[in-house]
Amino acid sequence: MKQKTEVLIIGGGVVGTAIARELSKYRLDVILVEKEADVCTGTSKANTALLHAGFNADVNTLKGKLNVRGNELYHQLEKELDVPIKWIGALVVAKKESDMDKLEELLENGQQNGVPDLEIIERKELFELEPNLNPDSIAALYAPTAGIVNPFELTVAFAENAVENGVEVLLESEVLDIEEQDDYKLVRTAQGDIEAELVINAAGLYSDKLANMVGSDDFEITPRKGEYYLYDKKLDIDVNHTIFPVPTEVSKGIVITPTDEANLLIGPNVEEVEDKSDLANTREGLDKVMRGAQETISDLGMNGVIKEFSGLRAAIKETEDFLIEASEKVRGFINVVGIQSPGLASAPAIAEMVVEIVKDEYGQLELDTDFNSDHQGIPRFRHMSHQERAKLVEQNEDYGEIICRCESVTKGEIIDAIRGPIGARTVNAVKRRVRPGAGRCQGGFCEPKVVDILAEELGIEQTEVKLEGKDSQLLIEPAKESLQKGVIDSE
Amino acid sequence: MNKQSYDLVVIGGGPAGLAAAQEAYDQGVKDILIIERDFELGGILQQCIHNGFGLHHFGEELTGPEYAQRFMESVADRGIEIKLNTMVLEVTPEKMVYAINSTEGMLEIDAQAVILAMGCRERTREAIGIPGSRPAGVFSAGTAQRYINMEGYLPGKKAVIVGSGDIGLIMARRMHLEGASVEAVLEIMPFSGGLTRNIIQCLDDFDIPLRLSQTVTKIHGKERVEGVTVSKVDDNLRPIPGTEYFVECDTLLLSVGLIPENELSMEAGVELDSATGGPIVNEGRETSIEGIYACGNVLHVHDLVDYVTEESKLAGKTAAYFLQDKIDKRKERVEVIAGNDVSYVVPQQITDKVADRKRVDLYLRGRRPLENVRIIIKDGEQELFNKKERVIKPAEMITVPLSEKMIDDLNSEQIEIKIVKEGA
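Residues numbered from 1 in each chain as written. Chains lettered and ligands numbered in written order. Predicted model: local features only at pLDDT ≥ 70, side-chain atom pairs only at ≥ 80, totals over all residues.

(A) Layout of the overall build of chain B. When helices and strands are tallied, chain B shows 9 helices and 28 strands. For 424 residues, the compact-globule estimate of 2.2 N^0.38 gives 22 Å, and chain B sits close to it at 22 Å. Considering only C-alpha atoms, chain B reaches an extent of 65 × 65 × 40 Å along its principal axes. Within chain B, the proportion of its 424 residues that are buried is 53%. Pairs at least 24 apart in sequence give 66% of the contacts found in chain B among residues at least 6 apart. (Helix = DSSP H or I, 4+ residues; strand = E, 2+ residues; numbered from the N terminus. Rg over C-alpha atoms; globule rule 2.2 N^0.38 Å. Buried ≥ 20, exposed ≤ 12 C-beta atoms within 10 Å, placed from the backbone. Contact = placed C-beta atoms within 7 Å.)

Structure below.
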């Protein structure tokens, strides 16, 4: 089956989906293709989930320009997309007198980038904000506009709101090749061919591979691994802000931050790797993360850890900046690549910028007056008062059946996740949307129940239910099956 | 919100909750509610289809479901009220219980007394930080047990098991009997964390190797487990470089410890003991909040369900006596201290005077395997109890009785229980 579209976006991460949603404001045919069975499965799913204030990057870089604007746009997006954001603020903590120069430098740089309300606070005030810091902390740069977001809910919300406004999202549609035709590109995907007038390359780690398909070969993506520890919500070490150490020449240091769900997260280290699918945790990496975090808060340890994970940043080493431009070599091909930190914070501003590039390529775009900016998220039983819960279960009895005890996730929420505009198809996709298995038992109790609900909703066998990728089935076969075969064989 | 009230609310319908409710009823409390989150009573026993339950309590060998059935029937015979598929969301210090189910909606239940019997959960791969990838095929042993015994699916065909706790041993045999091959059971400690009978009946009888002082140091495979790297560990349990070897498998089961599930207890303000992971209780299993009791694996992880039953009956009885105003507090409370080579002791306090009581049993666990030791209880300088034990294993619980007279005659406000090598 061959499809035609005006714009094809490759990549269902936060960048691709934010662009899709931004383009859905205009009268334009847009298709987004994603190689995996869900959006938000690459760099977007495994990072520190920070909405940086924007004081780090140089004012002359895209990072410096887009971070502050992106951060600002999230204030509107959190309402429109029903995505929870906590504006907790960030601290860069100095430990010695020589760090003070660096704080001043960051302050000045941040002010140049237009970061509001930055200030350097003294030890006394710092300890009022963060009583659990190591006693050798002496001062901090305080950035009250920094926030934390749930990157899974955010990316799904971008994608679903785009779909609600006419964008088509095709999953499990890896791009295999791109052929340049006279006035369009023929994009061959795992699910068939698509003729696109304009192609937007938001393929993250694989964006150089994609660009090479059309001869736009002027950048290379280097995967850099970062590892993390995630703690139980019930940890007796309170942290109220995103805490950075003072960056050194060699390292940005290990961040300590609460997540939007009030877990504590520590990480990431930086390790260049060869393999773009290498998400394995390593002893060395995890140890670096723990030691780094202990330099800021020494009480942290393995006690209370519920999860390790790692993510890969898609870096362009030559520039260490985003690359967002229409390819000079190939007409109708826009690269939105090298989006590492602060990519999540910048995503809405990146989308705005890409729309401007599309306008340059396409001429003026016509606004779609039917655009609906509002997306309704799935009810969050875990955050509700008992009264709100009582009302919710009156609407639908499935909200009265708790499937995940650690995160208080109801059957109703899981069904909503599966039936959504971009419905969850895997155990991890359900987890990203509504959190069963994201808590302290890591799915030990609820996973069999989630498997059952997925099988029932999708009309498939339990043995066909996958954790994430196409060969990640959880269960091999019905019990006794091979034994029965064995009996038959021996007869 | 649906408002209800009961004299006694029992949270959890596993062996602990059932025995506690039964005993409270027999002691004269008739207005009892058991709240169970699953679709049936019996708790984790329902997936423990192997035998070996009930030797102490019933004097016969039962399977898990059979053991549970006896208590389910006795609770049914007494007409004790039960809510299934109902999750407790909050217990307040004032003993207001908030729960939800799909038929009645949100429930606000006013209880005069509460028994916490929520059981435990399994420690995960993530909690112990095994490096490597995160593919399908890594299960906690109990989850795998549920998949096979309750759901009817085999989670893998070639397994390695980390941890030689009882569930790990039971699952090694279970996987083998289901036609999977079990490559090895690895134990990081130099001794097994499981019952001796389980090592013999589950591993030795099926030629499944138990490898001590070894653990998995890396998980391989992107989508599905493809194998694990195993390393020997030193005396400090750290992997020894150079000892690594690769084992091909499609499944990794973890049996690396159980954690009492006390999130509800914590929210209620119940004080916990860091050694047990459960509430600090007195000899009647009353927690730091008057009228809230705890028993079974939510209190401390037991080796045998028979002892869960024993302990839970005690909690049920105390709750009944509390409701009937039959308990007097002692003038001074006695702290029970876990001393040398004792990892924990339950109860942690003795606080009550109970008219018809003959003795108080102390449950304790040894910190390490030892031979030819003496268990000693000291009241200041005075020795209350001194008994020889030939073998002590951390896996097996030790019960030490204290007579009522001994308690009455105590000199100090603190007694210490310790394990010492004979002659030391």
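(B) Highlighting the overall build of chain A. Each helix and strand in chain A was counted, giving 13 helices and 23 strands. Rg of the C-alpha trace for chain A: 23 Å, near the compact-globule value of 23 Å for 491 residues, within the 12% margin. Oriented by its inertia axes, the alpha-carbon framework of chain A measures out at about 75 × 60 × 50 Å. By the burial criterion, 55% of the 491 residues in chain A qualify as buried.

(C) Spatial organisation of the sheet that holds strand β24 (residues 359-366) of chain B. All names here are of chain B. With antiparallel pairing, 3 strands are arranged side by side in an open sheet as β22-β24-β27. The two strands at the open ends of the sheet, each matched to only one other strand, are β22 (342-346) and β27 (398-403). Direction aside, the axes of adjacent strands within the sheet are offset by 25° on average. (Pairing = 2+ DSSP bridges. Axes fitted to C-alpha atoms, helices over the stretch in contact; angles between N-to-C directions.)

(D) How the structure looks around helix α2 (residues 62-80) of chain A. Residue and element names in this part refer to chain A. In a regular helix each residue adds 1.5 Å, so 19 residues correspond to 27 Å; α2 covers 26 Å between its end C-alpha atoms and thus fits that length. Buried within α2 are the following residues: Leu 62, Lys 63, Gly 64, Lys 65, Leu 66, Asn 67, Val 68, Gly 70, Asn 71, Leu 73, Tyr 74 and Leu 77. Looking at the packing, one finds that the buried side of α2 touches β3 (50-51), β4 (85-86), α3 (97-113), β8 (147-149), β19 (323-326) and α8 (343-362). Immediately downstream of α2, the backbone of Asp 82 shows phi near 55°, a positive value. (Expected span 1.5 Å × (residues − 1).)

(E) How the structure looks around the domain arrangement of chain B. Residues and elements named next belong to chain B. Assigned domains within chain B: domain 1 (1-122 + 257-326), domain 2 (124-256) and domain 3 (329-424). Computed from C-alpha atoms alone, the centre-to-centre distance between domain 1 and domain 3 is 26 Å. Taken together, the contact between domain 1 and domain 3 spans 14 residues of the former and 15 residues of the latter. (Domains from an automatic or database assignment.)

(F) View of the environment of Leu 392 of chain A. All names here are of chain A. The topology assignment puts Leu 392 in helix α9 (residues 386-395). Leu 392 gets classed as buried once you count the C-beta atoms within 10 Å, which come to 22. Counting along the chain gives 20 residues from Leu 392 to Gly 412, while the straight-line C-alpha distance between them is 9.8 Å.

(G) Structural view of the domain arrangement of chain A. Residue and element names in this part refer to chain A. Under the domain assignment, chain A is made up of domain 1 (1-83 + 148-221 + 316-377), domain 2 (90-144 + 225-309) and domain 3 (381-464). The gap between the C-alpha centroids of domain 1 and domain 2 is 29 Å. For the side of domain 1 that touches domain 2, the secondary structure elements donating two or more residues are α2 and β8. The dominant element in the side of domain 1 that touches domain 2, judged by the number of residues it contributes, is α2, at 3 residues. Across the side of domain 1 that touches domain 2, the residue classes tally to 11 nonpolar, 5 polar and 1 charged. (Nonpolar A, V, L, I, M, F, W, Y, C, P; charged D, E, K, R; others polar.)

(H) How the structure looks around the pairing of strand β8 (residues 105-116) of chain B. All names here are of chain B. As judged from the 9 bridges shared by strand β1 (residues 2-11) and β8, these two strands associate in the parallel manner. In the sheet register, Gln 4 faces β8, and the bridge partner there is Ile 109. The sheet contact formed by strand β7 (residues 96-101) and β8 spans 6 bridges and is antiparallel. The partner of Tyr 98 across the bridge, within β8, is Glu 108.

(I) View of the interface of chain B and chain A. Counting residues at the interface gives 44 residues for chain B and 49 residues for chain A. Contributing elements (two or more residues each) for the side of chain B that touches chain A: β6 (87-91), β7, β8, β9 (120-122), α3 (125-128), α4 (141-151), β11 (153-154) and α7 (263-268) of chain B. Ranked by residues supplied to the side of chain B that touches chain A, first place goes to α4 of chain B with 6 residues. Here the residues of the side of chain B that touches chain A are counted per class, giving 16 nonpolar, 15 polar and 13 charged. Where strand β23 (residues 477-478) of chain A and β11 of chain B come together, 2 bridges link them in antiparallel fashion. Its bridge partner lying in β11 of chain B, Glu 477 of chain A is registered against Leu 154 of chain B.

(J) Inspection of the environment of Pro 135 of chain A at higher detail. Residue and element names in this part refer to chain A. Relative to the elements of secondary structure, Pro 135 occurs in the loop between α4 (123-129) and β7 (139-143). The class of Pro 135 is exposed, set by 8 C-beta atoms lying within 10 Å. Considering only alpha carbons, one finds Pro 135 and Thr 296, 161 residues apart in sequence, at a separation of 9.1 Å.

(K) Examining the sheet that holds strand β16 (residues 227-232) of chain B more closely. Residue and element names in this part refer to chain B. One open sheet holds the 3 strands; their spatial order is β15-β16-β17, and the pairing between them is antiparallel. Of all strands in the sheet, those with a lone pairing partner are β15 (214-220) and β17 (245-248), marking the two edges. When strand polarity is set aside, the average angle formed by the axes of neighbouring strands in this sheet is 35°. Where β15 meets β16, 6 bridges bridge the pair, whose relative direction is antiparallel. Pairing of Lys 218 across the sheet is with Thr 229, part of β16.

(L) Quick look at the pairing of strand β2 (residues 32-35) of chain B. Residue and element names in this part refer to chain B. Judged by which residues are buried, β2 turns out to be covered on both faces: Ile 32 and Ile 34 on one side and Leu 33 and Ile 35 on the other are all buried. Inspection of the sheet shows β1 paired to β2 by 4 bridges, in the parallel sense. Bridge pairing in β2 links Ile 11 to Ile 35. Crossover handedness for the path β1 to helix α1 (residues 15-26) to β2: right-handed. Looking at chain direction, β2 and strand β5 (residues 81-83) are connected through 3 bridges and run parallel. Each bridged residue has a counterpart across the sheet, and for Ile 34 the counterpart in β5 is Ile 82. (Right-handed = clockwise from strand over helix to strand, strands pointing away.)

(M) Representation of the environment of Ile 31 of chain A. All names here are of chain A. Within the element layout of this structure, Ile 31 appears in strand β2 (residues 30-33). Counting along the chain gives 165 residues from Ile 31 to Ala 196, while the straight-line C-alpha distance between them is 8.9 Å. Sequence-distant contacts of Ile 31, defined by excluding residues within four places in its chain, comprise Gln 3, Thr 5, Leu 8, Glu 168, Leu 170 and Ile 194.

(N) Spotlight on helix α12 (residues 447-458) of chain A. A rise of 1.5 Å per residue sets the reference length of α12 of chain A, with its 12 residues, at 16 Å; its end C-alpha atoms lie 16 Å apart and thus fit the reference within 8%. Within α12 of chain A, the full set of buried residues consists of Glu 447, Pro 448, Val 450, Val 451, Ile 453 and Leu 454 of chain A. The secondary structure elements touched by the buried residues of α12 of chain A are β21 (402-404), α10 (411-419) and α11 (427-434) of chain A together with α4 of chain B. In the segment just after α12 of chain A, Gly 459 of chain A is the residue with positive phi, at about 65°.

(O) Up close: unusual backbone geometry. Omega for the bond connecting Gly 267 of chain A with Pro 268 of chain A falls within 30 degrees of zero, at -5°, which places this linkage in the cis form. Examined against the element boundaries, Pro 268 of chain A turns out to sit in the loop between β16 (264-267) and β17 (271-272). Look at the link from Val 346 of chain B to Pro 347 of chain B: it is a cis peptide, with omega at 0°. Here Pro 347 of chain B lies in the loop between β22 and β23 (349-353). In the Ramachandran plot, Ser 213 of chain B falls in the positive-phi region, its phi being about 55° despite a non-glycine side chain.

(P) Structural view of the packing of α1 of chain B against helix α8 (residues 305-323) of chain B. Residues and elements named next belong to chain B. Packing of α1 against α8 brings their axes to within 7 Å, and their N-to-C directions diverge by 40°. One finds that α1 runs oblique with respect to α8. Crossing hand, α1 versus α8: right-handed. Side by side, α1 and α8 meet where Pro 15, Ala 16, Ala 19, Ala 20, Ala 21, Gln 22, Glu 23 and Ala 24 of the first sit next to Val 305, Val 308, Thr 309, Ser 312, Lys 313, Ala 315, Gly 316, Lys 317, Ala 319 and Ala 320 of the second. For the contact of α1 with α8, a count of residues per class yields 11 nonpolar, 4 polar and 3 charged. (Parallel < 35°, antiparallel > 145°, perpendicular 65-115°, else oblique. Left-handed = near helix turned anticlockwise from the far one by under 90°.)

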